[in-house]
Amino acid sequence: MLWAITLTLAALSVPSISTLSGLSWPEQLPDPEVNLGLDLAGGSHILLEADPAEVGAQRLENMEEAVRDALRDAEPRIRHGDVRTGDDSLSFILNDISQVDAAREEILPDLSGPGLTQEWELSVEDGNRLVITATQAGLEEAVDNAMESATEVVRRRIDELGTREPTIIRQGDSRIVVQVPGLSDPQELKDLLGQTANLEFKMVAEPGAIGTEVIPYADTSDFPGQDVTVRRLGGLRGDRLTGAQAGVDPQDNQPVVNIQFDTQGGAIFADLSTRNTGRQFAIILDGEVLSTPVFREPILGGAAQISGGFTTESANALAIQLRSGALPVELTVIEERTVGPDLGADSIKRGTLAMGVGSLLVIVLMIAAYGRFGVYATIALVLNVMMLLGIMAFMNTTLTLPGIAGFVLTIGAAVDANVLINERIREERRKGRRVVAAVENGYREASRAIYDANITNFIAGVLLFMFGSGPIRGFAVVLIIGLFTSVFTAVVLTRMWVAGYLRAKRPTELTI
């Protein structure tokens, strides 16, 4: 059983060893391989930053729309003056002061979020002015949720590129680190992550009308450099999408993006198109109008088509962005760098050389010091490295430059375990114990110290993995896996081999 486990895990390492050695691996054979990190394979590093103020502004707009809807749908209807917005608050005056309590009851359900945090505070000023102010705790929670969502959207977009093992982690309150091994040109990554993919459908309005805003046409539209006036509130947002695919318009063979709404979004879109048949609406992406088509008939199937001067590549990129979801906040690239593969190849070469030279010296020392037991330790050492690589390949983990340092540390830990065992056996022999008893006591007593030391290292590795990032986590992964393989090979396997030797030869003396 032990041999089956050992050989299976060691065999999983062969494709990785073949690749790292520059040899080709047959395509028809399975090829579980260890992924190389950015510092070894080369690739792109980008640091993204969000503006928390944008989250606050979006929350105010959502609250304004919720307030207008709540007061409009109340029975009887609660009439009010224009809603005014400030930096972190909005206010409105009721036409009838007797409706203050009714307005409060209608608005209260919208003041608390899904959790226990009080997101908004409501107060009454001058008898009939209601003021809604964002709380600091609510804003902080909204920013945190926005960044968590943004991180997940970035991850889904990069996964659509087909790259392997990207590193995507939050840094601080408003930053995201993105590292993609093997991607030499960061421009494609920047283009993909640069757009928030915030899609909106709003009705076109008369210039200067109340409750409107002016939005510029996109450079790729039919009216670059011009503006269009739309209703500021209402309409439909892209968070109701369930699918997006690049396609071709059968009428003019131009690239388009076909989208599909969920049930609620389809119902809203159907109602919007039914009430506004014959009128223009604007398709807005990231604050720019792509096109302003006309609702020629009600659209009841929950499907729509986006056009606007796309190329095949840009249509496909937009489809990826829409499928992966809109970024809840705009992300700005504040740092970028590219790591060339030559540097990674040199790191692998030097790291392998260091590990090889160190291993060779250790092997010579072990055999010279412990004889047959040193040979067992050497075989265990080789199997330890192969099993470690095999487990990493099976788990599809990433090897970084600090990970190579973890390999060297694992070799040291495995050798240290064998030294403890062999020295303990020597000590037992000096006490006059017979061979079998000395070996048995040596393994039992040394194993306690080995387990204690490795449990301490395991705790340290787990903490490094939990609280570290990037290369630190790469080191922690190799360290944690290496602890198990080193104990297994240095203690379990060598004990099996020594027991077999003692049963077969029944020696009366040990050369150790």
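Higher on the page you've got the structure.
Calculation notes
- Residues numbered from 1 in each chain as written.
- Predicted model: local features only at pLDDT ≥ 70, side-chain atom pairs only at ≥ 80, totals over all residues.
- Heavy atoms only, no water.
- Helix = DSSP H or I, 4+ residues; strand = E, 2+ residues; numbered from the N terminus.
- Rg over C-alpha atoms; globule rule 2.2 N^0.38 Å.
- Buried < 20%, exposed > 50% of the residue type's maximum accessible area, 1.4 Å probe, protein only.
- Contact = heavy atoms within 4.5 Å.
- Areas by Shrake-Rupley, 256 points an atom, 1.4 Å probe, with all protein chains shown as cover.
- Lys, Arg positive; Asp, Glu negative; His and termini not counted.
- Charge placed at Lys NZ, Arg CZ, Asp CG, Glu CD.
- Expected span 1.5 Å × (residues − 1).
- Bend = angle between axes of the 7 residues up to and from the residue.
- Salt bridge = Lys/Arg side-chain N within 4 Å of Asp/Glu carboxyl O.
- Phe/Tyr/Trp six-rings, centres within 6.5 Å; stacked < 30°, edge-to-face > 60°.
- Core = buried A, V, L, I, M, F, W, Y, C linked by side-chain atoms within 4.5 Å.

Asks: What's the story with the overall build of the protein in this structure? I'm lost.
Replies: Along its length, the protein carries 14 helices and 19 strands. Here the C-alpha radius of gyration of the protein, 33 Å, is well above what a compact globule of 512 residues would show, namely 24 Å. Once the C-alpha set of the protein is aligned to its principal axes, its extents read approximately 105 × 60 × 35 Å. When the 512 residues of the protein are sorted by exposure, 43% land in the buried category. Of the contacts formed within the protein by residues at least 6 apart in sequence, a portion of 69% connects residues at least 24 apart. As displayed, the protein has an accessible area near 26,200 Å², and 54% of this comes from carbon and sulfur atoms. Where the 42 positive side-chain charges of the protein centre and where its 65 negative ones centre are 15 Å apart.

Asks: Is there a simple way to think about helix α13 (residues 435-467) in this case?
Replies: Owing to its 3.6 residues per turn, the α-helix aligns residues three or four sequence positions apart on the same side. Its 33 residues place the ends of α13 47 Å apart at the C-alpha level, agreeing with the 48 Å of an ideal helix rising 1.5 Å per residue. Remark: the principal bend of α13, roughly 25 degrees, maps to Ser447. Looking at α13, one finds that the buried residues are Val435, Ala438, Val439, Asn441, Gly442, Tyr443, Ala446, Ser447, Ile450, Asn454 and Gly461. Elements in contact with the buried residues of α13: α12 (401-430) and α14 (471-505).

Asks: Help me understand the pattern of salt bridges in this model?
Replies: Any two side chains of opposite charge can pair, on the condition that their charged atoms come close. Per the counting criterion, the structure on display carries 26 salt bridges. Two residues, Glu119 and Arg59, come together in a salt bridge whose shortest N-O distance is 3.5 Å. Residue Glu119 is located in the loop between α5 (100-107) and β5 (120-125), and its partner Arg59 is located in helix α4 (residues 52-73); the two are separated by 60 residues in the primary sequence. By relative accessible area, Glu119 is classed as buried at 15%. Salt-bridge contacts for Arg448 lead to Glu445; the nearest nitrogen and oxygen are separated by 3.4 Å. Placement of both Arg448 and Glu445 in helix α13 is noted, with a separation of three residues, approximately one turn of the helix.

Asks: What is the right way to read the packing of aromatic side chains from this model?
Replies: Each aromatic ring pair is described using two quantities: the centre-to-centre distance and the angle formed by the ring planes. Under the defined criterion, the tally for this structure stands at eleven aromatic pairs. Summarising the aromatic geometry, the rings of Phe458 and Phe484 are spaced 5.8 Å apart at their centres and angled 80 degrees between planes, so their arrangement reads as edge-to-face. Taken together, the residues span a long stretch of sequence, with Phe458 in helix α13 and Phe484 in helix α14 at a distance of 26 residues. Overall, Phe484 belongs to the exposed group, its relative accessible area being 55%. Among the aromatic residues, ring-to-ring pairing joins Phe201, Phe261, Phe269, Phe281 and Phe295 into one connected group.

Asks: Explanation requested: the nonpolar core in the structure shown.
Replies: Considering soluble globular proteins, one finds that nonpolar side chains tend to be buried as a cluster. Counting 49 residues, the largest nonpolar core has Met392, Leu399, Phe407, Ile425, Val439 and Leu510 as the members making the most contacts within it. The element that contributes the greatest number of residues to this core is helix α11 (residues 372-394), accounting for 13 residues. Those residues in contact with Ile425 that sit more than four places away from it in its chain are Phe373, Ala438, Val439, Gly442, Tyr443, Leu510 and Ile512. Of all hydrophobic cores here, the second largest spans 25 residues; its members include Phe201, Phe281, Leu285 and Leu322.

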